[in-house]
Amino acid sequence: MKNLKNYQFWFITGSQHLYGEETLKQVAVNSKAIVEGLNKAAQIPAEIVFKTVATTPDAIEEVMAEANFDKNCAGIITWMHTFSPSKMWIRGLNSLQKPYLHLHTQYNKEIPNAEIDMDFMNLNQAAHGDREHGFIGARMRLPRKIVVGYWADQKTQEKIGLWMRSAAGVIASKHLKVARFGDNMREVAVTEGDKVEAQIKLGWSVNTYPIGDLIPYVEGVSETEIDALMEEYKKEYVIKTDNLESVRYQARMEIGMEKFLQEGGFDAFVNTFEDLHGLKQLPGLASQRLMAKGYGFGPEGDWKIAAMTSVMKNMAEGLAGGTSLIEDYTYHFDGENSLALGAHMLEVCPSVAAGKPAIEVHPLGIGGKDDPARLVFEGASGKAIVATLIDMGGRMRLIVNDIMAVKPILEMPNLPVARVMWKPMPNLETVAEAWISAGGAHHSVLSYALTANELRDWANMMDIEFVHIGEDIDINRFKQDLMLADIAWKLK
Ligand code: MN
């Protein structure tokens, strides 16, 4: 995972030379005060750096070029303290390749009744300066986030902070590497996709490594390394099996795979039960542990969901609530209270567990390998989302549904896998109809930390389609929107 704290966001204040040096000095002083205030806010997850008061086309172009080049710069925030004629911004904005937030605020909260005079008016013109700036963003069709509000208000700071997370997701996405230990599951459609398009659009490098390349890493793990990891397992989990050999083999795979992923600088990986030559078990506990460490994971060769899991883990860093691969498995029909049971063959990330997970060993039923050890637990309850990414042919579509996770209403003592139960919002029938209409996959990323808004901003910056299934959905309108969006994306 990339560390959010390593990122910087550049604050660029727009102005012009019309008002004289005194005014420009004050603009800089006020801008610095705003940046200082924002950096003190708990909701701001990375440092904001005051960069410059930009007043000429050359200066604007220079700071944008610098932002593009600087590896730590994850985005820019612009604000027009005064009027700043926006034709001056065209050249610079044309070259900008980093996420872009237009903050519409002003230094003073209220209009000072006695003090307000023409000097005050000249200095504090964001109300129309930002309109000029907004026009050029609209005219140039730039993907941008617009945040409106007084800068010291918690709500405003929260909006900026959440956008910074989406921007960090964009930067993580552009450098994301997926290792494919095995191809797409035979004949499965939804987990397929155009890897070249994904790299052009999203930046994902998705390459294959035969399982044989991984085997020496797994076999090279020493018994001492396994002993040490077993001690960690004993501390973190309840060991509910006598088959410690199976658990030890998962520890071996965890260490071996992690070495491989670290050496290659990978952020995510996939495997498939159809291609495990040389491995004794399907990685279960091993994949769960690697996900908990921040790696994205996709089963059955699903590289899109592996990459999405990694992107979302990056965006959610430091927030309460976990993020994991999940799969809609089976339903509990009960009218308005119908519930979905999410699980997978083995691989649900323990970051979403309600309590202490247990290590268990059970037969898998497919793949023809030894019984794999896995973590079994119930998912946490609370508000969450599930997100899936599909390739519509010519474009990617990100689909997000708001859910309410509940404590599983049944104990399901014979279910040998981690399970999360939820009520899709507004209800299962409407959501499943919408999800299926939109082509949503069975694999998705479950996150208790993120909301649809952060993913909408991310999709907007990545220039891919975003579809939201929320509480206020009107199913007929939803289907109409899908049809119109299809036409719009074909024209784009
Ligand atoms: Mn699956």
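Residue positions are given per chain, counted from 1 along the sequence in the order it is written. Residues qualify for local features only when their pLDDT is at least 70, as the model is predicted, and side-chain atom pairs are given and counted only at 80 or more; totals for whole chains, interfaces and linings, by contrast, use all residues. For the side-chain quantities, the full set of heavy atoms in the structure was used; hydrogens and water were omitted.

Quick word on the overall build of the chain
For helices the rule is a DSSP run of H or I covering at least 4 residues; for strands it is a run of E covering at least 2, with both sets numbered from the N terminus onward. Within the chain, the secondary structure is distributed over 15 helices and 19 strands. Here the C-alpha radius of gyration of the chain, 25 Å, is about what a compact globule of 492 residues would show, namely 23 Å. Counting only C-alpha atoms, the chain reaches 80 × 50 × 40 Å along its principal axes. Residue burial in the chain is summarised as follows: out of 492 residues, 56% are buried. Taken over C-alpha atoms, the radius of gyration is set against a globule rule of 2.2 Å times the number of residues to the power 0.38. Note on exposure labels: buried denotes an accessible area under 20% of the residue type's maximum, exposed denotes more than 50%, and partly exposed covers the range between, all computed with a 1.4 Å probe on protein chains only.

Let's talk about the pairing of strand 12 (residues 339–343)
Extensive coverage of strand 12 is indicated by the burial of five of its five residues. With burial as the criterion, each face of strand 12 is covered, one bearing Leu339, Leu341 and Ala343 and the other bearing Ala340 and Gly342. Here a strand pair is declared whenever DSSP counts at least two bridges between the two strands. In this sheet, strand 12 lies alongside strand 11 (residues 323–332) in antiparallel orientation, the contact comprising five bridges. Among the inter-strand pairings, Glu327 is bridged to a residue of strand 12, identified as Ala343. Connecting the antiparallel pair strand 11 and strand 12 is a turn made up of six residues, with Gly335 showing a positive phi of about 55°. Where strand 12 meets strand 17 (residues 420–424), three bridges bridge the pair, whose relative direction is antiparallel. Bridge pairing in strand 17 links Gly342 to Val420.

What about the domain arrangement of the chain?
Interfaces are often described in size by the accessible area the parts lose on coming together. When its domains are assigned, the chain resolves into domain 1 (4–164) and domain 2 (177–491). As annotated, the domain borders come from an automatic or database domain assignment. Between domain 1 and domain 2, the C-alpha centre-to-centre distance is 38 Å. Domain 1 puts eight residues into the contact, and the matching count from domain 2 is six residues. Two parts placed together each lose some accessible area under a 1.4 Å probe, and the buried area is that loss summed for both. Summing both sides of the interface, domain 1 and domain 2 together bury roughly 660 Å²; the carbon and sulfur share of this comes to 55%. Area buried by domain 1 at its contact with domain 2 is led by Leu4, Pro143 and Leu162, which between them contribute 61% of it. Here, a salt bridge means any side-chain nitrogen of Lys or Arg that lies within 4 Å of a carboxyl oxygen of Asp or Glu. One salt bridge connects Asp457 with Lys145, and the closest N-O pair in it is separated by 3.0 Å. A 3.5 Å cut-off defines polar contacts: any pair of N or O atoms within that distance qualifies, except that in protein one atom must be a possible hydrogen donor and the other a possible acceptor, and neighbouring residues in sequence count only when both atoms are side-chain atoms. Connecting domain 1 to domain 2 are two residue pairs in polar contact (both at pLDDT 80 or more). For this classification, the nonpolar set comprises Ala, Val, Leu, Ile, Met, Phe, Trp, Tyr, Cys and Pro, the charged set comprises Asp, Glu, Lys and Arg, and every other residue, Gly included, is treated as polar. Considered class by class, the residues forming the side of domain 1 that touches domain 2 number five nonpolar, no polar and three charged. Contacts are assigned to residue pairs with any non-hydrogen atoms lying within 4.5 Å of each other.

A few points about the coordination of the manganese ion
Taken together, the protein donors to the manganese ion comprise Glu300 (OE), Glu327 (OE), His344 (NE2) and His443 (NE2), at separations of 2.1 to 2.3 Å. The sequence motif formed by the donor residues of the manganese ion is E-x26-E-x16-H-x98-H. Separated by 44 residues along the polypeptide, Glu300 in the loop between strand 10 (296–298) and helix 12 (303–316) and His344 in the loop between strand 12 and strand 13 (358–361) bring together distant segments of the chain. Accessibility assignment for this pair places Glu300 and His344 in one class, buried. Water is not among the atoms examined, so metal sites may look incomplete; donors are the N, O and S atoms within 2.8 Å of the metal, or within 3.2 Å for Na, K and Ca.

Section: unusual backbone geometry
Of all residues except glycine, most have a negative phi; of all peptide bonds, most are trans. Here Met425 and Pro426 are connected by a cis peptide whose omega angle stands at 10°. Within the element layout of this structure, Pro426 appears in the loop between strand 17 and helix 13 (428–438). With phi around 55°, Arg141 is a residue other than glycine that occupies positive phi space. Within the element layout of this structure, Arg141 appears in the loop between helix 5 (126–139) and strand 5 (145–148).

Considering the side chain of Ser447
Structurally, Ser447 is set in strand 18 (residues 443–447). By relative accessible area, which is 0% here, Ser447 ends up buried. Of note is the side chain of Ser447, whose polar atom sits 3.1 Å from the backbone nitrogen of Ala449. There is a polar contact of 3.2 Å between the side chain of Ser447 and the backbone nitrogen of Leu450. The contacts of Ser447, once residues within four sequence positions are left out, are Met312, Gly322, Thr323, Ala384 and Ile385.

So, the sheet that holds strand 3 (residues 73–80)
The sheet built from five strands is open, its strands ordered 2-1-3-4-5 with parallel pairing. At either margin of the open sheet sits one strand with a lone partner, and together these are strand 2 (47–54) and strand 5. Here the strands of the sheet are splayed against their neighbours by 25° on average, with no regard to which way each runs. As paired elements, strand 1 (residues 8–14) and strand 2 share seven bridges and run parallel to each other. Each axis is a line fitted through C-alpha atoms, taken for helices only over the stretch in contact, and angles between the N-to-C directions span 0 to 180 degrees.

Observations concerning the packing of helix 9 (residues 223–236) against helix 10 (residues 244–264)
Contact geometry for helix 9 and helix 10: axes closest at 9 Å, N-to-C directions at 110°. Between helix 9 and helix 10, the angle is such that the two are roughly perpendicular. On the side of helix 9, the interface is formed by Glu223, Glu225, Ile226, Asp227, Leu229, Met230 and Tyr233, while helix 10 contributes Leu244, Val247, Arg248, Gln250, Ala251, Arg252, Glu254, Ile255 and Lys259. By definition in this entry, angles of less than 35 degrees are roughly parallel, angles greater than 145 are roughly antiparallel, angles of 65 to 115 are roughly perpendicular, and the rest are oblique.

A word on the environment of Lys280
Mapped onto the elements, Lys280 comes out in the loop between strand 9 (268–271) and helix 11 (285–292). Taking the C-alpha atoms as reference points, Lys280 and Gly368, separated by 88 residues in sequence, lie 9.4 Å from one another. Among all residues touching Lys280, those that are not within four sequence positions of it are Tyr249, Lys369 and Asp370.

Details of the packing of aromatic side chains
Centre-to-centre distance and the angle between the planes together describe a pair of aromatic rings. Planes of paired rings set the category: under 30 degrees apart is stacked, over 60 is edge-to-face and the rest tilted, where pairs are Phe, Tyr or Trp rings (Trp by its six-membered ring) whose centres lie within 6.5 Å. This structure, assessed with the given rule, holds 13 aromatic pairs. Through pairs of rings, three or more aromatic residues link up here, namely Phe181, Tyr209, Tyr217, Phe260, Phe266, Phe269 and Phe297. Comment: the charge-over-ring label is applied if NZ (Lys) or CZ (Arg) is within 6 Å of the ring centre and within 35 degrees of the ring normal. For the cation-ring pair, Lys304 lies above Trp303, with the distance from its terminal atom to the ring centre recorded as 5.7 Å. When the ring centre of Trp489 is taken as origin, the NZ or CZ atom of Lys492, which lies over that ring, is 4.5 Å away.

Quick word on helix 7 (residues 195–202)
With a side-chain oxygen positioned 3.0 Å from the backbone nitrogen of Val196, the residue opening helix 7 is Asp194. Remark: Gly203 follows helix 7 within two positions and exhibits a positive phi of approximately 90°.

Quick word on the pairing of strand 14 (residues 373–376)
The alternating pattern of strand 14 places Ala373 and Leu375 on one face and Arg374 and Val376 on the opposite face, and all of these are buried. Pairing analysis gives four bridges linking strand 13 to strand 14, with the strands arranged antiparallel. Along strand 14, the bridge assignment pairs Ile359 with Leu375.

Description of the pattern of salt bridges
In this structure the tally under the stated criterion is 27 salt bridges. The salt bridge partner of Arg180 is Asp183, with a shortest N-O separation of 2.6 Å. Judged by relative accessible area, which is 49%, Asp183 ranks as partly exposed. Of the charged contacts, one joins Arg289 and Glu232 as a salt bridge, the two residues approaching to 2.9 Å between their closest N and O atoms. Of this pair, Arg289 sits in helix 11 while Glu232 sits in helix 9, and the two are 57 residues apart along the sequence.

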